[in-house]
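Structural overview for review
The lines below spell out each chain.
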Amino acid sequence: MDLVQLQRQLVDYRTSLYHEGFLDEQFTQLQELQDENNPDFVVEVVSLFFEDSERLLNELSNALEQQIIDFKRMDARVHQLKGSSSSIGAQRVRQLCIVFRNYCEAQNVEGCLKCLPQVKHEYSIVKTKLESMFQLEQQILNAGGSVPV
Amino acid sequence: MGLKLQQSQHQHQHQHHSVAVKVNEQTGTKRGYTFIQANRAWLPKFLLLWVMVMAFLSTWIYKKMDADIKVRRKEVLSSMCDERARMLQDQFSVSVNHVHALAILISTFHYYKNPSAIDQETFAEYTARTAFERPLLSGVAYAERVVHSERGEFEKQHGWTIKTMQREPSPVRDEYAPVILSQETVSYIESLDMMSGEEDRENILRARATGKAVLTSPFRLLGSHHLGVVLTFPVYKSKLPTRPTVEERIEATAGYLGGAFDVESLVENLLGQLAGKQAILVNVYDITNSSDHLIMYGHQNQDGDLALLYESKLDFGDPFRKHTMICRYQQKAPTSWTALTTAFLFFVICLLVGYILYGAAIHIVKVEDDFHEMQELKVRAEAADVAKSQFLATVSHEIRTPMNGILGMLALLLDTDLSSTQRDYAQTAQVCGKALIALINEVLDRAKIEAGKLEMETVPFDLRSILDDVLSLFSEKSRNKGVELAVFVSDKVPEMVMGDPGRFRQIITNLVGNSVKFTERGHIFVKVHLAENTKPVVDAKVETCLNGGSDGGVPISDAHQFKTLSGYEAADERNSWDSFKHLVSYEESRYDASINMTVPGETSQSVTLMVSVEDTGIGIPLIAQDRVFMPFMQADSSTSRNYGGTGIGLSITKCLVELMGGHISFVSRPQVGSTFTFTADFGRCKKASFNDTKKSNTEDLPSSFRGLKAIVVDRKPVRAAVTRYHLKRLGMLAEVAGSVKIAASACGKNGSSCGSKIQPDIILVEKDLWLSVEDGGLSLRMLDWKQNGQAFKLPKMVLLATNITNVELEKAKAAGFVDTVIMKPMRASMVAACLQQVLGIGNKKQAGKDVQNGSLRSLLCGKKILVVDDNMVNRRVAAGALKKFGAAVECAESGKVALKLLQIPHSFDACFMDIQMPEMDGFEATRQIRMMESQANEQMNGSGIDKGFARKGEWHVPILAMTADVIHATYDECLKCGMDGYVSKPFEEENLYQAVTKFFKV
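All names here are of chain B. What the 4 strands build is an open sheet, ordered β10-β9-β12-β11; its pairing is antiparallel. Looking at the sheet topology across the chains shown, the edges are occupied by β10 (294-297) and β11 (309-314). The average undirected angle you get between the axes of adjacent strands in this sheet is 30°. Packing against the sheet, helix α8 (residues 263-273) makes contact with β9 (280-286) and β10, and its axis sits at approximately 50° to β10.

To continue, consider the pairing of strand β16 (residues 523-530) of chain B. All names here are of chain B. Burial analysis of β16 places 8 of its 8 residues in the buried class, which makes it a mostly covered element. Relative to β16, strand β14 (residues 484-489) runs parallel, the two being bridged by 6 bridges. Paired with Val489 across the two strands is Val528, which belongs to β16. By the bridge criterion, 7 bridges tie β16 to strand β17 (residues 606-615) in an arrangement that is antiparallel. The partner of Leu530 across the bridge, within β17, is Leu609.

One finds Phe27, Phe100 and Leu130 of chain A together with Leu882, Phe912 and Phe987 of chain B to be the most contacted residues of the largest nonpolar core, which totals 68 residues. Apart from residues lying up to four places away in sequence, Phe27 of chain A is in contact with Tyr18, Val42, Val46, Ile88, Gly89, Leu130 and Met133 of chain A. Grouped together as the second largest cluster of nonpolar side chains are 54 residues, Phe504, Ala624, Cys655 and Phe676 of chain B included.

With that settled, the discussion passes to the packing of helix α4 (residues 71-88) of chain A against helix α25 (residues 872-884) of chain B. The interhelical angle for the contact between α4 of chain A and α25 of chain B, taken along N-to-C directions, is 35°, at an axis separation of 8 Å. In the packing of α4 of chain A onto α25 of chain B, the handedness of the crossing is left-handed. Residues Gly83, Ser84, Ser87 and Ile88 of chain A of α4 of chain A lie in contact with α25 of chain B, whose contacting residues are Val873, Asn874 and Val877 of chain B. Taken together, the residues that form the contact of α4 of chain A with α25 of chain B break down as 3 nonpolar, 4 polar and no charged.

In this complex, chain A contributes 26 residues to the contact, which on the side of chain B involves 17 residues. Between chain A and chain B, the buried area comes to about 2,000 Å², and carbon and sulfur atoms account for 56% of it. Broken down residue by residue, the surface that chain A buries against chain B is led by His19, Leu33 and Gln80 of chain A, which jointly contribute 25%. For the pair chain A and chain B, the number of links is 1 salt bridge. Note that Glu44 of chain A is salt-bridged to Arg876 of chain B, the shortest N-O span being 2.3 Å. Where chain A meets chain B, there are 6 residue pairs in polar contact (both at pLDDT 80 or more). The set of elements that each furnish at least two residues to the side of chain A that touches chain B consists of α1 (3-19), α2 (25-33), α3 (41-65), α4 and α5 (91-106) of chain A. Partitioned by chemical class, the residues of the side of chain A that touches chain B number 8 nonpolar, 11 polar and 7 charged.

Residues and elements named next belong to chain B. For helix α11 (residues 463-481), spanning 19 residues, the distance from its first C-alpha to its last is 26 Å, which sits close to the expected 27 Å at 1.5 Å a residue. Those residues of α11 that sit buried are Leu463, Arg464, Ser465, Ile466, Leu467, Asp468, Val470, Leu471, Phe474, Ser475 and Ser478. For α11, the N-terminal cap is Asp462; the gap from its side-chain oxygen to the backbone nitrogen of Arg464 is 3.0 Å. Directly after α11, the chain includes Gly482, whose backbone phi takes a positive value near 75°.

Residue and element names in this part refer to chain B. Residues Phe344, Leu345, Ile349 and Val353 make up a contiguous nonpolar surface patch of roughly 380 Å² in combined accessible area. Mapped onto the fold, Val353 is located in helix α9 (residues 337-415). Relative accessible area serves as the criterion here: at 36%, Val353 is assigned to the partly exposed category.

Located in the positive-phi region is Gln107 of chain A, a residue other than glycine, with phi close to 55°. Here Gln107 of chain A lies in the loop between α5 and α6 (109-142). The class of Gln107 of chain A is exposed, set by a relative accessible area of 51%. The phi angle at Gln671 of chain B is positive, at roughly 65°, despite the residue not being glycine.

The next thing to look at is the pattern of salt bridges. All names here are of chain B. Taken as a whole and assessed by the stated rule, the structure comprises 29 salt bridges over all chains. The shortest N-O distance in the salt bridge between Asp66 and Lys70 comes to 3.7 Å. Here Asp66 and its partner Lys70 are both found in helix α3 (residues 43-112), 4 residues apart, which amounts to about one turn of the helix. Accessibility expressed as a relative area gives 19% for Asp66, which makes it buried. Exposure remark for Lys70: the relative accessible area of 49% places this residue in the partly exposed category. Here Asp370 and Lys366 are joined by a salt bridge, their closest N and O atoms 3.7 Å apart. Here Asp370 and its partner Lys366 are both found in helix α9, 4 residues apart, which amounts to about one turn of the helix.

Analysis parameters
Residues numbered from 1 in each chain as written. Chains lettered and ligands numbered in written order. Predicted model: local features only at pLDDT ≥ 70, side-chain atom pairs only at ≥ 80, totals over all residues. Heavy atoms only, no water. Pairing = 2+ DSSP bridges. Helix = DSSP H or I, 4+ residues; strand = E, 2+ residues; numbered from the N terminus. Axes fitted to C-alpha atoms, helices over the stretch in contact; angles between N-to-C directions. Contact = heavy atoms within 4.5 Å. Buried < 20%, exposed > 50% of the residue type's maximum accessible area, 1.4 Å probe, protein only. Core = buried A, V, L, I, M, F, W, Y, C linked by side-chain atoms within 4.5 Å. Left-handed = near helix turned anticlockwise from the far one by under 90°. Nonpolar A, V, L, I, M, F, W, Y, C, P; charged D, E, K, R; others polar. Buried area = accessible area lost by both parts, 1.4 Å probe. Salt bridge = Lys/Arg side-chain N within 4 Å of Asp/Glu carboxyl O. Polar contact = N/O pair within 3.5 Å; in protein donor to acceptor, adjacent residues only side chain to side chain. Expected span 1.5 Å × (residues − 1). Patch = residues over 30% accessible without salt bridge, like charges linked within 9 Å, V, L, I, M, F, W, Y side chains within 5 Å. Areas by Shrake-Rupley, 256 points an atom, 1.4 Å probe, with all protein chains shown as cover.

Here you go:
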């Protein structure tokens, strides 16, 4: 595929991610932090995020299946998830985490049960989106071009 | 009773005392009932008891007083009675003595003389003439002792027979006692035998036996029918032996002298002489026979006060007879009104006192009840207030988060392809959102100030650049309105001051924002000078008057124009040119003089600035002026309709000014304008930190203009001074000319004579002035100039304008002005940029952000920083951000690991600590780290070794909290546990920079 077209596609894709609210300014800052000393910074951080989030989401699902639900623990997990999502700028996940935390604080089982799939859903979307974005970037790099900022 | 009274008094005292104590304690204890409160049900009973006790007491008083009166009455009676008795006795004895003397007279002249020297006639005469000596005796008579054997001879000698009392010839007896001599008053008893009457005989016998005066018992006297007694005195013929026996006495007896005492008239007389005759009744009794008292004076059955009697003994010199005087009051003892009144009054007074005390107690109870109620209400109100503040803070905070989302989205939306209508809508929404955010911030500020949580920063900042920034904020608006916006800072104001730049900016923004809102024409003028400079201005004013205002340099074409910035009248004339120019000139002179020496004020630690914001807006209505600084109060409801705003800004401004140690005031005249003036205390910058911070914190003004010369052509002196101020800041030398002609002539002069003082590089011409001057003249002048000045570098002509149309711009170009027009409001940086363009001097200045970025890098480069966060993504991001600025970063995933890493000695320069972590949170970790450090410091100081090893003398690693929510409470908590500050998470460069500067000063 044409390199320029690829680059353009990437920019468009990225813009759409911002516009649709998947990402926010924080992600831009993250990108700014990436430089020649640290060429894979964004990818590194985002994979950390995936790793961490999957662990947390699993724990959350387990916790909700328990007879006695430890809401304090759940709250801590969601707080973690909120922190990491806001760090990478995954704002939809973050917003949902805020709601989720409220349910945890209120010890609202139904709310939690409703919220968890939503968070999972949002997370998988953002994961897919980011992965496909990285893929695009990789393609550009492979084609010998540079990733537009 | 007295004891009871005392007790009750004591009780009352105790009650008062406890009230006082309680009031003092009230602040401490919320619910404390006093003695009165506790016994409130007993109060009426206390009152009743009091009344009863008092009634009893007053009865007692009455009785006591009454008894006293009676005693006194008795005493009076006794003394009166005794007095009377004594007098009676005295008078009586006087008479007796006289009779005694008469007896001696008779014995002398009747018996020792022979023949007798006394006959009836002589006796009568003598007694009559000495009667006054015996006022008590109705009469005296002498009876001779005649024994029966001598009767015949006696009767023959006297020529009459002895008769009995009944005036009959006396029967035969042993002895007779016929009266031979008698006073005329009793002459009727002559020749009567005194021994014929039983009483008299007894008397005579006793008299001659004792030789003393004796008395009969009382009987009715013959003449007067008054009660009386008869006194009998023996007369002896021969001289008696010294101690005569009774027989010798009887033998020696020659006769008897007798007199009748009219006791009734005697006592009557006597009493008549004494005061109080009417008050008492006197009775005199003969009590010789103790079973049968014979009355001598007074009536037996008299009414009168029978309850009280007094008896006085009377001694009339007759030992055989006993007399007594009995006195009593004529009237019964009157009711003692004094005692009654006293007792009654006492009762009434006590009743009143009791009632007053009762009333007081009731009042105290009521007041205390009220007090408790008030206290409760106060607590509730305070709680409500706190709740309100908290609510405001929380809600504002909660609103801000989604609002930021909305604004972000709107910004993104505006970046997309939109139709013009959509764009318009989106823009409107964005503007509204921004306004809402601003309002929320204000409310949050207000809540913080109310909660006393707002703390002032103390960092060095450049006041002038802040003012420039604020002005640039409003430049768009003011330009659209055609309002001139200008700032002037006196040279005396230090370049850098210590204070809170954010809050200072807020104050200025509020004031200028207000002014811009309410001003449709004229100007808004911000002026800053030292507060202590106001005084010399007044002096200078006086000077002007003396000089006669010889200000020839500035011709005023328009006489009725005011000498303010724009020519419109301003509310506070202190800002007009008249005083302003003196401030300027005064400062210049002082400035010049003090270049090489320290100005006294400079040595002090703080500097007080006076800032005034003058506008020519609609002003504040007089009635609204006193509530200008009250929150949510606007001049009237139409204000908010027409101009918007909540009216909270000025109240915040006032609070902020007061927090800065100053005060704010204003002068306002409706339809003329308002001038707000405030003072604020700032610290002076130390020279050391001065250079350092100046580089990083402020935008650097280019130095390439240093030494350039400029002429400012402006008819309005205040405006010219402002222009000059900005040029001066760029290091340029500026002169002011009142008109183009003057400026041109100055240049012209230069043209002809080289080596002159001023060779302007730039001429700045005010647009108003240029338009008002005839075009042709100016351009001609310009042409001349150009021809003359071939050999010289021609000065650039620059136009100054608030707003300019394209037509005007074309005209200006044609007239010889350069393309660039300096648009007002002027800012040093903007002027610099324009002049760079005009003069073609290269701009070596970097973009502001890069400078800061670079400085952050310089601060953090090579520093070893520990990042503590349990969230690995966050940790990675924070580490990445810090690494980007050149810091060496190490990470710890929990407080415990951090503690281990920070065991002393360590080589970390700073620590960024997440607050919410499992197991050990950020606060706890910090506390432990601080504890460790202080232990280490103590040890080090104690042992005194390795002083060189320790950095700055002791261990204290700066710890900054990383937190997503930046509410004030969290910040307080951070400081409390020993942290040095906080940064928001995720990092923002500016925020990070501000936090880090404090610790890494080079």
